[in-house]
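# Observations on chain architecture
Given next are the chains, with one letter for each unit.
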Amino acid sequence: MSQARPQTMPQSGSLFEEYSWRGMVFDATPGLSDILSKESVSAYIGFDPTASSLHIGSLLPIMCLARLQRFGHTPIAIVGGGTGLIGDPSGKTKERQLLNAVQVEENLAGIRSQLEPFLDFNAARNPARIVNNLDWLGRLGLIDFLRDTGKHFTVNYMMSKESVRRRLDSEDGISYTEFTYMMLQAYDFLKLNELHDCTLQLGGSDQWGNILAGAELIRRVRGGKAHGLVFPLVTNAAGTKFGKTESGTVWLDPERTSPYRFYQFWLNTDDRDVIPYIKYFTWLDRPDVEELEVAVAGRPGQREAQRTLARNVTEMVHGPAALEGAERASKVLFGGAMEALSASELLDVFEEAPSSEFDSDVFAGDGIGFLDLMNRTGLAASRGEARRLVKSGGVYLNNVRVVDEARSITRQDCIEGRLLVLRKGKKNYRLVQVT
RNA sequence: GGACGGGUACCGAAGCGGUCAACCGGGCUGGACUGUAAAUCCAGUGGCUUAGCCUUCGGAGGUUCGAAUCCUCCCCCGUCCA
């Protein structure tokens with residue numbers, strides 16, 4: 001079950017079959033399966049530059065491209081520098097806030113670097129490409145656009161699309177700007193078809209309408225056949241939005257979501273979701289996945305599948321060193337062997353835990369009351385709450401349960417005289433640094 | 001503009017003169033069990049110097065020994081009529 005890095009060694013079988021067994025085909029244009037088994041094609045997916053980092057919601061599209069490349073096809077990631085300035089109405093009930101060009105430019109740079117670990121840009125035969133559609137949309141003249149592209153779309157056709165219709169029914173309506181989005185995306189497909197012989201567009205199921213519009217445009221303008229394939233929306237058994245936790249979105253950027261949290265996110269995957277996720281997000285082959293499926297059914301408590309998922313995805317996104325750190329941190333946080341670590345190691349492990357700084361005077365002499373400390377670090381909203389927590393046995397100081405609500409904290413309690421680890425419940429840590 | 005109905009803690013919702021810091025449900029937070037899960041069970045959920053005290057029931061006044069509860073005015077929301 002080793003984790004393979006980006007590579008272009010073609011795999012056997014057809015890409016379509018591969019997508020299928022992994023549950024990644026929600027819908028596809030007729031005949032696509034045939035073409036993928038016979039020819040090597042160029043395919044693209046668009047990434048939305050709404051934020052400077054991709055989050056794990058983009059992992060499925062990324063894996064789609066990566067798999068495609070392994071099957072000998074050529075992946076193109078298009079970052080929507082141009083379309084990002086417009087805003088896609090698909091899946092949105094409200095008009096979007098427009099981003100300015102500078103923001104989009106910054107976001108593009110971040111996204112580009114996050115795609116790089118997944119795709120091989122130096123493959124001899126089918127190197128991956130990242131393109132920015134601002135390159136052509138930016139200098140597209142309005143008159144040309146209306147004559148060459150607009151002529152191929154009837155308003156009737158556009159209005160019949162689900163993404164538009166829903167907004168027509170809503171109170172807010174849809175602006176002309178967003179209404180035009182579909183045409184711009186179609187134009188992208190046309191342009192990529194022209195420049196890079198791209199004949200396939202992939203996307204989430206909400207992109208189906210936009211993708212078909214592009215294929216249609218290619219047929220009309222260039223007489224060529226183009227295809228589309230959409231993957232399903234990633235769901236979770238809890239019915240919440242995939243990729244969100246109590247602490248927010250799970251980003252790919254380690255600055256935003258630490259590798260530890262990232263690893264934990266996957267480790268905490270529901271039993272019902274773990275096999276689909278493994279199919280989506282790892283390179284494990286069919287026999288390995290089936291083995292894990294048996295493991296989940298037979299001894300769910302072992303969480304072999306979750307562990308495998310977390311290990312694989314964390315390593316793929318953040319590298320082996322970060323994975324090692326995340327696993328070490330997990331061990332300390334859930335195994336409780338805190339004494340074994342030095343203050344600086346603890347700082348490292350708790351890097352992403354909220355922390356408060358206190359002047360060393362606070363701990364001098366008789367020190368500070370424990371309840372006050374709880375309150376002042378924000379771990380408890382009031383002293384009363386702190387008291388209740390202690391009474392119910394839910395508070396730990398340096399991983400030792402606190403039973404005496406009247407106790408004070410002095411310098412003696414600090415690890416190496418400079419660090420305290422407060423914990424509320426099982427997972428709620430707060431670091432106190434003595435300065 | 002008129003007629004009703006209503007505004008209670010994070011949300012929903014009881015209470016309609018004292019025993020109300022306010023039933024109950026949800027949420028949330030702890031605990032037990034467990035697999036860092038789900039389900040279940042238990043506890044807590046305004047503040048404090050915690051056998052007690054203080055501040056809360058849309059807002060401001062008033063009646064009363066005593067008000068979330070009664071009265072007056074005001075603000076806001078819903079429904080119907082104009």
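Now for a quick tour of the structure. (Residues numbered from 1 in each chain as written. Chains lettered and ligands numbered in written order. Predicted model: local features only at pLDDT ≥ 70, side-chain atom pairs only at ≥ 80, totals over all residues. Heavy atoms only, no water.)

### Concerning the packing of aromatic side chains
Note the following rule: Aromatic rings from Phe, Tyr and Trp, taking only the six-membered ring of Trp, are treated as a pair when their centres fall within 6.5 Å; an angle between ring planes under 30 degrees marks them as stacked, one over 60 as edge-to-face, and anything in between as tilted. Counting from the N terminus, the helices are DSSP H or I runs at least four residues long and the strands are E runs at least two residues long. Exposure is judged per residue with a 1.4 Å probe applied to protein chains only, and the accessible area is read against the type maximum: over 50% gives exposed, under 20% gives buried, and values in between give partly exposed.
Applying the stated criterion across every chain yields a total of 15 aromatic pairs. Residues Y277 and F281 carry aromatic rings whose centres are separated by 5.8 Å and whose planes lie at 70° to one another, so their mutual orientation is edge-to-face. Residue Y277 and its partner F281 are both found in helix 13 (residues 271-281); the two are separated by 4 residues, about one turn of the helix. A relative accessible area of 4% means that Y277 is categorised as buried. Clustering of aromatic rings is evident, with ring pairs tying together F242, F262, F265, W266, Y277, Y280 and F281.

### Quick look at helix 4 (residues 101-115)
The condition is simple: Each helix should span, by expectation, one fewer than its residue count multiplied by 1.5 Å. Should any heavy atoms of two residues lie within 4.5 Å, those residues are considered in contact.
Here helix 4 contains 15 residues, and its C-alpha end-to-end distance of 21 Å stays within 8% of the 21 Å for a straight helix at 1.5 Å per residue. Regarding helix 4, the residues found buried are V104, N107, L108, G110, I111, Q114 and L115. Packed against the buried residues of helix 4 are strand 2 (42-47), helix 3 (59-70), strand 3 (74-79) and strand 4 (129-132).

### Side note on the protein's contact with RNA strand B
As a reminder, the rule being used: When we say a residue is near a molecule or strand, we mean one of its heavy atoms is within 4 Å of it. By the criterion applied in these results, polar contacts are pairs of N or O atoms within 3.5 Å in which, for protein atoms, one can donate a hydrogen and the other can accept it, and in which residues neighboring in sequence qualify only through two side-chain atoms. Only Asp, Glu, Lys and Arg are considered charged in this grouping, and only Ala, Val, Leu, Ile, Met, Phe, Trp, Tyr, Cys and Pro are considered nonpolar; every other residue, Gly among them, is considered polar.
If you check the shell around RNA strand B, you find 26 residues, and the closest are Q264, L267, R383, G384 and S392. Near the protein, within 4 Å, the atoms of RNA strand B are sugar or phosphate in 65% of cases. The side chain of S382 places a nitrogen or oxygen atom 2.9 Å from a phosphate oxygen of RNA strand B. At 2.6 Å from a sugar or linking oxygen of RNA strand B is found a side-chain nitrogen or oxygen belonging to S392. For the surface near RNA strand B, the secondary-structure elements that each account for two or more residues are helix 12 (259-267), helix 16 (320-335) and helix 19 (383-391). Considering only residue class, the surface near RNA strand B consists of 5 nonpolar, 12 polar and 9 charged.

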